[in-house]
Amino acid sequence: MADKRKFYYEARSFSIYYFANAVFNIVNDAGTYLRGIEDILGDMQALMLMRPFHRHTNLHHFLDGVVRELLEEEVERLDEEQPRFLVKFMQTYTVTYSQEDISNEEAFFDFSAQSERYQASVDELIDEVFHVLFNDARFLESFNDLCATYIDLSGFGERLKTRSGQLKRVAIPKWAKRAVFHRDKGECRECKRSLAATVNQLDTERYDHIIPLAKFGANDVTNLQLLCEPCNLKKAARLQRVSPLHPKAIL
Ligand SMILES: [Zn+2]
């Protein structure tokens with residue numbers, strides 16, 4: 001038991017980072033992945049991604065699809081060998097199983113459908129991977145860019161655009177503001193200026209959409225960041241310069 005405990009974090013992180021890495025690679029290889037997004041998430045995902053501010057965020061939804069898909073790929077290999085990752089994952093999350101359960105694909109599907117511990121472990125894993133990725137600003141930008149491109153290509157975004165040409169701005173719920181304020185430690189994400197003393201945590205002005213609504217960035221907590229006023233203005237100016245409506249002159 002002592003030995004097991006000694007490696008608890010190591011084992012647990014192995015699972016979390018294995019998936020976080022896989023998701024990171026998928027999102028950063030968005031070009032090839034866009035074509036497959038509906039295979040993993042199912043049809044009509046653009047509408048799903050456009051729902052404003054769900055606690056089960058777009059990233060949760062995405063992770064749910066990807067993590068289960070990756071686990072299934074492991075299960076498909078059961079007929080040939082014991083997939084190292086699947087076994088390690090179940091051991092780490094204390095899922096009780098017999099050799100019979102992992103002897104072939106069919107046996108495993110029966111087992112996993114009945115094992116509450118297995119199902120709960122997958123949910124726990126998804127939640128833990130979410131927390132790793134929610135803290136990675138660069139990942140969130142790539143992820144929300146992927147979602148925005150997907151919404152744009154689907155054509156659904158076009159129909160829901162306001163006259164000013166962007167997705168409707170909706171009120172940011174308190175829970176979302178708190179989550180972002182805590183994650184960004186009350187500091188402007190760009191210049192690190194502390195906003196805690198001057199800005200009310202619930203002041204909507206300082207919550208910036210990482211991928212702007214005008215580019216089909218979603219109303220999702222994973223697409224928000226804290227920005228001070230000067231950085232927000234700088235960002236707006238930068239976006240205006242590169243806006244496709246006003247292309248920069250190439251000299
Ligand atoms: Zn700033």
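To be clear, the structure that these remarks concern was listed above.
Note that the structure is predicted; figures quoted are calculated from it, not measured. (Residues numbered from 1 in each chain as written. Predicted model: local features only at pLDDT ≥ 70, side-chain atom pairs only at ≥ 80, totals over all residues.)

Membership of the largest hydrophobic core comes to 39 residues, with the highest contact counts inside it found for Val23, Leu49, Leu63, Val129, Cys147 and Ile151. If you list the elements that add at least two residues to this core, you get helix H2 (8-28), helix H5 (45-49), helix H6 (58-76), helix H9 (116-134), helix H10 (137-154), helix H12 (174-183) and strand S2 (224-226). At seven residues, the largest contribution of residues to this core is made by H10. Of the residues that make up this core, three or more belong to each of domain 1 (2-134) and domain 2 (162-241). Counting six residues, the second largest nonpolar core, distinct from the first, contains Leu86, Phe89, Val95 and Tyr118. (Core = buried A, V, L, I, M, F, W, Y, C linked by C-beta atoms within 7 Å. Buried ≥ 20, exposed ≤ 12 C-beta atoms within 10 Å, placed from the backbone. Helix = DSSP H or I, 4+ residues; strand = E, 2+ residues; numbered from the N terminus. Domains from an automatic or database assignment.)

With that settled, consider unusual backbone geometry. The backbone phi angle of Thr94 is positive, close to 45°, even though this residue is not glycine. Note on placement: Thr94 falls in the loop between helix H7 (84-92) and helix H8 (105-114). The phi dihedral of Lys185 falls on the positive side, at around 55°, and the residue is not glycine. Residue position: Lys185 is located in the loop between H12 and strand S1 (207-209). C-beta crowding within 10 Å serves as the criterion here: with 12 such atoms nearby, Lys185 is assigned to the exposed category.

With that settled, consider the packing of H6 against H9. The geometry of H6 relative to H9 is characterised by a closest axis approach of 10 Å and an angle of 125° between their N-to-C directions. Taken together, the axes of H6 and H9 are oblique relative to one another. In this structure, the crossing between H6 and H9 has a hand that is right-handed. The residues of H9 that touch H6, namely those facing Leu59, His60, Leu63, Asp64, Val67, Arg68 and Leu71, are Val122, Leu125, Ile126, Val129, Phe130, Leu133 and Phe134. In terms of residue class, the contact of H6 with H9 is made up of 11 nonpolar, one polar and two charged. (Axes fitted to C-alpha atoms, helices over the stretch in contact; angles between N-to-C directions. Parallel < 35°, antiparallel > 145°, perpendicular 65-115°, else oblique. Left-handed = near helix turned anticlockwise from the far one by under 90°. Contact = placed C-beta atoms within 7 Å. Nonpolar A, V, L, I, M, F, W, Y, C, P; charged D, E, K, R; others polar.)

Bringing the environment of Val170 into the picture now. Relative to the helices and strands, Val170 is located in the loop between helix H11 (156-159) and H12. Non-local contacts of Val170, meaning those with residues more than four positions away in its chain, are made with Pro52, Phe53 and Asn219.

Where H7 is concerned, the buried positions are Leu86, Phe89, Met90 and Thr92. Looking straight down H7, one finds that the buried residues subtend no more than 165° of arc, so they occupy a single side. Taken from the residues just after H7, Thr94 is the one with a positive phi, measuring 45°. (Arc of directions from axis to C-beta.)

Further remarks concern the environment of Arg77. Looking at the element boundaries, Arg77 is found in the loop between H6 and H7. With 28 residues separating them along the chain, Arg77 and Glu105 place their C-alpha atoms 7.6 Å apart.

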